[in-house]
Amino acid sequence: MFKKLFKYTPTTQEQQFIDIINKLLEHPKTSLKMTPLTDKYFLINEQKHYYILLKENGIQLTNSKFSFCKSLHPKAYDIIINHIHAHMEENRQALEDKLFIKETTMLDSVINNL
């Protein structure tokens, strides 16, 4: 109950950043890089010419015509990072499923032959 009462609502601009990040994550030509030691996240979309750096509760959005830096409320930053982590987990699971399908097929073959 208290979480609902005190749930953070992003500002209009923060919501725009959240929406931009989500659209970039959905775009097939976006690559996502993370630096574990410095805790920076890079979203790179060469096709659309958008580059985003997330670090220390801040965001930098750049393309060939502009660069925009903004500090974010820590809760808004956490929302964005949680979206990125969820996206990374989805991709990791898809990769694991693809890599280990042969193992599953082999084990099914063993089961069927017993």
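Look up a bit, the structure's there.
Residues numbered from 1 in each chain as written. Predicted model: local features only at pLDDT ≥ 70, side-chain atom pairs only at ≥ 80, totals over all residues. Heavy atoms only, no water.

Visitor: Even after reading the chapter, I still don't get the environment of Pro74, so can you show me in this structure?
Guide: Structurally, the position occupied by Pro74 is in helix 3 (residues 74-99). On the basis of relative accessibility, which here comes to 40%, the residue Pro74 falls in the partly exposed class. A sequence separation of 47 residues divides Pro74 from His27, and the C-alpha atoms of the two residues are 26 Å apart. (Helix = DSSP H or I, 4+ residues; strand = E, 2+ residues; numbered from the N terminus. Buried < 20%, exposed > 50% of the residue type's maximum accessible area, 1.4 Å probe, protein only.)

Visitor: Just to check I follow, could you spell out the pattern of salt bridges for this structure?
Guide: Should their charged atoms come close, side chains of opposite charge can pair. The full count for this structure, using the stated rule, is two salt bridges. Across the salt bridge formed by Glu89 and Arg92, the nearest N and O atoms sit 2.9 Å from each other. A residue pair is termed a helical-turn pair when its members lie 3 or 4 positions apart in one helix, as Glu89 and Arg92 do in helix 3 at three residues. Taking the relative accessible area as the measure of exposure, Arg92 reaches 32% and is therefore partly exposed. Across the pair Arg92 and Glu96 runs a salt bridge whose closest N-O atoms are separated by 2.4 Å. Pair noted here: Arg92 and Glu96 are both in helix 3, with a separation of four residues, about one helical turn. A network of salt bridges, in which partner residues are shared, links Glu89, Arg92 and Glu96. (Salt bridge = Lys/Arg side-chain N within 4 Å of Asp/Glu carboxyl O.)

Visitor: Just checking my understanding: could you explain the environment of Pro10 for this structure?
Guide: Relative to the helices and strands, Pro10 is located in the loop between helix 1 (2-5) and helix 2 (12-26). Sequence separation between Pro10 and Met34 is 24 residues, and the spatial gap between their C-alpha atoms is 24 Å. Excluding residues within four positions of it along the chain, Pro10 makes contact with Gln15, Ile18 and Ile79. (Contact = heavy atoms within 4.5 Å.)

Visitor: What is the right way to read the sheet that holds strand 4 (residues 58-62) from this model?
Guide: Within a sheet, each strand pairs with its neighbour through backbone hydrogen bonds, oriented either parallel or antiparallel. Reading across from one edge, 1-2-3-4-5 is the order of the five strands in this open sheet, with antiparallel pairing throughout. Because the sheet does not close on itself, it has two edges, and the strands there are strand 1 (30-35) and strand 5 (67-71). Going from strand to strand, the sheet's axes swing by 10° on average, the running direction of each strand aside. Sheet analysis places strand 2 (residues 40-45) next to strand 3 (residues 50-55), joined by five bridges and oriented antiparallel. Bridge pairing in strand 3 links Phe42 to Leu53. Helix 2 rests against strand 1, strand 2, strand 3, strand 4 and strand 5 of the sheet, and its axis sits at about 120° to strand 3. (Pairing = 2+ DSSP bridges. Axes fitted to C-alpha atoms, helices over the stretch in contact; angles between N-to-C directions.)

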